[in-house]
Amino acid sequence: MAVFTPLSDAQVAAFLDTFDVGRFTALRGVAGGTENSTFFVTTDRRELVLTLFEQGEHEELPFFVDLLDYLAEHRLPVPGTVHDREGVALHSLADKPALLFPRLPGRYPEAPNLAQCRALGDALGHMHVVSQHFPGHRPNPRDLHWLRVKHHKVLTYLSPSDQTLMKNEVDDFESAFSQHAELPQGAIHGDLFRDNTLFDGDRLGGIIDFYNGCTGDLLFDLAIVVNDWASDADGRLNPERYNALLYAYQARRPLTQDERELWPVMLRMTALRYWLSRLLVVYVDPPAHDLTPHDPERFRTILHARINHGALPIPEVNR
Ligand SMILES: Nc1ncnc2c1ncn2[C@@H]1O[C@H](COP(=O)(O)OP(=O)(O)OP(=O)(O)O)[C@@H](O)[C@H]1O
Ligand SMILES: N[C@@H](CCO)C(=O)O
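Residues numbered from 1 in each chain as written. Chains lettered and ligands numbered in written order. Predicted model: local features only at pLDDT ≥ 70, side-chain atom pairs only at ≥ 80, totals over all residues. Heavy atoms only, no water.

The protein chain has the name Homoserine kinase in an unreviewed UniProt entry, where Halomonas llamarensis is given as its organism. According to its UniProt record, the protein chain has this under Catalytic activity (unreviewed entry): "L-homoserine + ATP = O-phospho-L-homoserine + ADP + H(+)". Comment text from UniProt for the protein chain, heading Sequence similarities (unreviewed entry), reads "Belongs to the pseudomonas-type ThrB family." (UniProt positions renumbered as here; feature names shortened; annotations may be inferred.)

See below:
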């Protein structure tokens with residue numbers, strides 16, 4: 001379930017009155033999602049998604065609105081927010097911040113095929129070309145500094161060998177990054193897992209859930225995608241999906257020399273980022289609701305695979 005704040009038909013019908021979206025006809029709570037309350041709303045003119053923000057930093061919502069609107073204006077497949085007749089996107093409903101979106105087509109791929117990997121790589125590359133010019137700013141809340149500070153909180157729950165592994169990895173990342181100039185920067189999605197995409201067959205209908213969006217290393221975003229989209233059950237990289245993603249991405253934005261050198265480290269760092277965030281959810285800061293948390297072990301497996309087998313070569317692209 002992902003309706004933490006129930007809404008009545010009458011509440012939503014009244015809410016829609018300030019928008020030019022047609023007359024309310026139906027409301028349905030959406031089962032997916034873990035953080036916010038999500039509803040599908042139907043009017044006599046269109047299909048919409050209504051999100052109530054249950055947690056997180058509400059003062060950061062204008063950043064997400066600006067980012068979504070900017071990307072949608074640049075023809076990326078993201079749901080730009082629906083603005084009311086006065087031009088305002090961010091509203092309040094049932095005492096929660098509320099946003100209305102167009103409902104995008106498709107469903108997320110559990111086992112993405114190569115065409116879907118190409119489509120995602122292309123969209124991410126396109127997004128990163130565009131997002132380098134996005135004027136907003138929000139520091140990456142899950143960067144190396146966060147890893148450094150937060151990993152201490154979970155060490156007590158780990159085996160001695162995992163404690164050593166985690167500490168050594170954080171040291172290695174700091175040493176590797178300190179030897180390079182700043183990597184290409186821009187706005188990033190920050191959590192582009194398969195379940196944050198909608199595919200209609202092989203067509204990418206939408207990228208959603210930008211609430212980890214921030215500004216930072218573009219390579220960080222790409223590494224999150226590759227770890228989730230191109231890892232096999234044993235955590236090792238799947239060469240076909242890996243190449244499909246990276247060819248398509250680099251046809252839009254070839255990686256720089258510094259990015260190529262830091263790529264194996266970035267794959268490890270983003271694997272550790274999710275191992276740690278999932279451990280924090282399980283042991284340190286469990287959510288108020290009883291949804292099953294994501295399994296931290298999956299990202300420990302991926303991290304081990306990256307340490308033991310490195311990254312596959314980055315395909316060269318001729319543009
Ligand atoms: N614009 C959209 N078009 C179609 N479906 C959408 C849209 N936005 C959200 N959804 C649906 O609602 C579900 C929950 O949305 P979302 O991922 O934003 O919620 P969340 O609570 O922030 O989730 P998460 O656990 O991934 O952080 C999605 O999995 C998707 O099925
Ligand atoms: N994508 C995250 C959960 C949402 O932030 C994970 O798989 O741990």
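(A) Summary view of a nonpolar patch on the surface. A grouping of Tyr157, Val282, Tyr283 and Val284 is seen on the molecular surface, where their side chains present a nonpolar patch of about 330 Å² in accessible area. Inspection of the secondary structure puts Val284 in helix H8 (residues 257-284). (Patch = residues over 30% accessible without salt bridge, like charges linked within 9 Å, V, L, I, M, F, W, Y side chains within 5 Å. Areas by Shrake-Rupley, 256 points an atom, 1.4 Å probe, with all protein chains shown as cover. Salt bridge = Lys/Arg side-chain N within 4 Å of Asp/Glu carboxyl O. Helix = DSSP H or I, 4+ residues; strand = E, 2+ residues; numbered from the N terminus.)

(B) Highlighting the domain arrangement of the protein chain. Domain boundaries in the protein chain define domain 1 (9-102) and domain 2 (114-309). Distance from the C-alpha centre of domain 1 to the C-alpha centre of domain 2: 27 Å. Carbon and sulfur atoms supply 75% of the area that domain 1 and domain 2 bury against each other, a total of about 1800 Å² over both sides. Among the residues domain 1 hides against domain 2, the three largest losses belong to Phe63, Tyr70 and Pro77. Together they make up 31% of the total. Applying the counting rule to domain 1 against domain 2 returns one salt bridge. (Domains from an automatic or database assignment. Buried area = accessible area lost by both parts, 1.4 Å probe.)

(C) Main features of unusual backbone geometry. With a phi close to 65 degrees, Asp95 is a non-glycine residue in the positive phi region. Located in the positive-phi region is Asp209, a residue other than glycine, with phi close to 60 degrees. Tracing the backbone shows Asp209 in the loop between strand S8 (203-207) and strand S9 (214-217). For Asp209, a relative accessible area of 26% puts it in the partly exposed group. (Buried < 20%, exposed > 50% of the residue type's maximum accessible area, 1.4 Å probe, protein only.)

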